Amino acid sequence: MKNVRKCISVLLIALFAVSMTGCHLFSNKTIDKVEKSLTSCGVKNVRTYSELLNTSLQLKTSSKAASYYFCYDEEAKERFYKAFNESHKLPKYEPVGFIAAFVAEQSRSGLQTASVHTAEFRTEKEAQRTYEQNSKDLMMKKVDGKQVEDKTCSYTITYIKEENTTTVYGAYIMGTNVTEIEATVDHKGINIFLEDFCQKMKWVSPASIVPVEE
């Protein structure tokens, strides 16, 4: 009987611990760091995806428009495939959490935009296979690209330079997280938010390989 009571006590303690940490599902995950970095860059959390789509309306009263949306499970799966699966070749893994962010900022050289999409998977294998396919898609549209394998953060960065604009792309993998960034840069290869965000994440900015105009 004493053993039964001990087992019940241990089970109750375990259940209490789970209930206390349930709201921190992503603690110590890269997706937490992404969210914190977005927030410290002045990007505000919105409650619905529709609000995120209307982010640019903020430019009517401000020089910067910045919002991000965080979702889980079924909605995360839906948003993830729409944002990442441009080639329709991604493996059918389901992320447990997903963040979409959009930033538009008026600078001296004109309007700069950036989008960040980040997905947290259950296993590193799922993240790795997703990252590999995502990187292939990026390198296919490159003007000049770079792929680096690293123990802490592997990444693929590239850019497309057109007559009036340059768009940079980056894919990053850290553990069970895959993040994709797309941003426009000025003639010096700078996007204010992009540089700030990558610095906070300790990532190499995709703008680092864009030739600077004289």
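Residues numbered from 1 in each chain as written. Predicted model: local features only at pLDDT ≥ 70, side-chain atom pairs only at ≥ 80, totals over all residues. Heavy atoms only, no water.

> I'd like to hear about the overall build of the chain, residue by residue, with values.
When helices and strands are tallied, the chain shows six helices and eight strands. Listed by position from the N terminus, the elements making up the chain come as α-α-β-α-β-α-β-β-α-β-β-β-β-α. Burial status across the chain gives 45% buried among its 214 residues. As displayed, the chain offers around 12400 Å² of accessible surface, 53% of which is attributable to carbon and sulfur atoms. (Helix = DSSP H or I, 4+ residues; strand = E, 2+ residues; numbered from the N terminus. Buried < 20%, exposed > 50% of the residue type's maximum accessible area, 1.4 Å probe, protein only. Areas by Shrake-Rupley, 256 points an atom, 1.4 Å probe, with all protein chains shown as cover.)

> Which residues make up the sheet that holds strand β1 (residues 44-45), and what values do they have?
What the eight strands build is an open sheet, ordered β1-β2-β3-β4-β8-β7-β6-β5; its pairing is mixed. Sheet topology places β1 and β5 (144-148) at the edges, where each strand pairs with a single neighbour. Against the sheet, helix α2 (residues 30-40) makes contact with β2 (64-72), β3 (97-107), β4 (110-120), β7 (166-174) and β8 (177-185), and its axis sits at roughly 25° relative to β3, the strand it touches most. Lying on the sheet, helix α5 (residues 124-140) is in contact with β5, β6 (154-161), β7 and β8; it crosses β7 at an angle near 160°. (Pairing = 2+ DSSP bridges. Contact = heavy atoms within 4.5 Å. Axes fitted to C-alpha atoms, helices over the stretch in contact; angles between N-to-C directions.)

> Please provide a residue-by-residue account of the nonpolar core, values included.
Within the largest apolar cluster, 32 residues are counted, with the highest numbers of intra-cluster contacts made by Leu-38, Phe-193, Phe-197 and Trp-203. Contributing elements (two or more residues each) for this core: α2, β2, β3, β4, β6, β7, β8 and α6 (192-201). For this core, the leading source of residues is α6, giving five residues. For Trp-203, the contacting residues outside a window of four places in its chain are Thr-30, Val-34, Cys-153, Tyr-172, Met-174, Thr-179, Ile-181, Phe-197 and Cys-198. Membership of the second largest hydrophobic core comes to 21 residues, among which are Val-46, Phe-80, Phe-84 and Tyr-169. (Core = buried A, V, L, I, M, F, W, Y, C linked by side-chain atoms within 4.5 Å.)

> Could you give me a rundown of the packing of aromatic side chains, with the residues and numbers involved?
Applying the stated criterion across every chain, the model contains 10 aromatic pairs. Ring geometry for Tyr-49 versus Tyr-69: centroids 5.9 Å apart, planes at 65°, classification edge-to-face. Of this pair, Tyr-49 sits in helix α3 (residues 49-53) while Tyr-69 sits in strand β2; the two residues are 20 residues apart in sequence, bridging distant segments of the chain. Under the relative-accessibility criterion, Tyr-69 is labelled buried at 8%. Their ring planes at 85° and their centres at 6.1 Å tell us that Phe-197 and Trp-203 sit as a pair that is edge-to-face. Here Phe-197 matches Trp-203 in class, with each residue buried. Arg-79 extends its terminal NZ or CZ atom over the ring of Tyr-49, reaching a point 3.9 Å from the ring centre. The cationic tip of Lys-92 hangs over the ring face of Tyr-81; the distance from NZ or CZ to the ring centre is 5.3 Å. (Phe/Tyr/Trp six-rings, centres within 6.5 Å; stacked < 30°, edge-to-face > 60°. Lys NZ or Arg CZ within 6 Å of the ring centre and 35° of its normal.)

> Would you mind going over the environment of Val-96 in detail, with residue names and values included?
Mapping Val-96 onto the fold places it in the loop between α4 (73-84) and β3. You can call Val-96 buried: its relative accessible area is 15%.

> Talk me through α2; I want residue IDs and the actual numbers.
Taken together, the buried positions of α2 are Thr-30, Ile-31, Asp-32, Val-34, Glu-35, Ser-37 and Leu-38. Just downstream of α2 lies Gly-42, where phi reads positive at about 85°.

> Tell me about the side chain of Thr-156, residues and numbers included.
Within the secondary structure, Thr-156 is located in strand β6. Side-chain polar atoms of Thr-156 contact the side chain of Ser-135, separated by 3.0 Å. In this structure Thr-156 touches Tyr-131, Ser-135, Leu-138, Met-139, Lys-146, Gln-147, Tyr-169, Gly-170 and Ala-171, once residues within four positions along its chain are discounted. (Polar contact = N/O pair within 3.5 Å; in protein donor to acceptor, adjacent residues only side chain to side chain.)

> Go over the packing of α2 against α6 with me, naming the residues and quoting the values.
In contact at an axis separation of 9 Å, α2 and α6 are set at 140° when each is read in the N-to-C sense. Comparing the axis directions of α2 and α6 gives the class oblique. Judged by the sense of rotation from one axis to the other, the crossing of α2 with α6 is right-handed. Here α2 contributes Thr-30, Lys-33, Val-34, Ser-37, Leu-38 and Ser-40 to the contact with α6, which in turn contributes Phe-193, Phe-197, Lys-200 and Met-201. Residue classes in the contact of α2 with α6 are distributed as five nonpolar, three polar and two charged. (Parallel < 35°, antiparallel > 145°, perpendicular 65-115°, else oblique. Left-handed = near helix turned anticlockwise from the far one by under 90°. Nonpolar A, V, L, I, M, F, W, Y, C, P; charged D, E, K, R; others polar.)

> How would you explain the pattern of salt bridges if you had to name every residue and give the values?
Scanning the entire structure with this criterion turns up four salt bridges. Between Glu-75 and Arg-79 there is a salt bridge whose closest N-O contact spans 3.5 Å. Here Glu-75 pairs with Arg-79, and both are found in helix α4, just four residues apart, close to one helical turn. Its relative accessible area of 26% is what places Glu-75 among the partly exposed residues. (Salt bridge = Lys/Arg side-chain N within 4 Å of Asp/Glu carboxyl O.)

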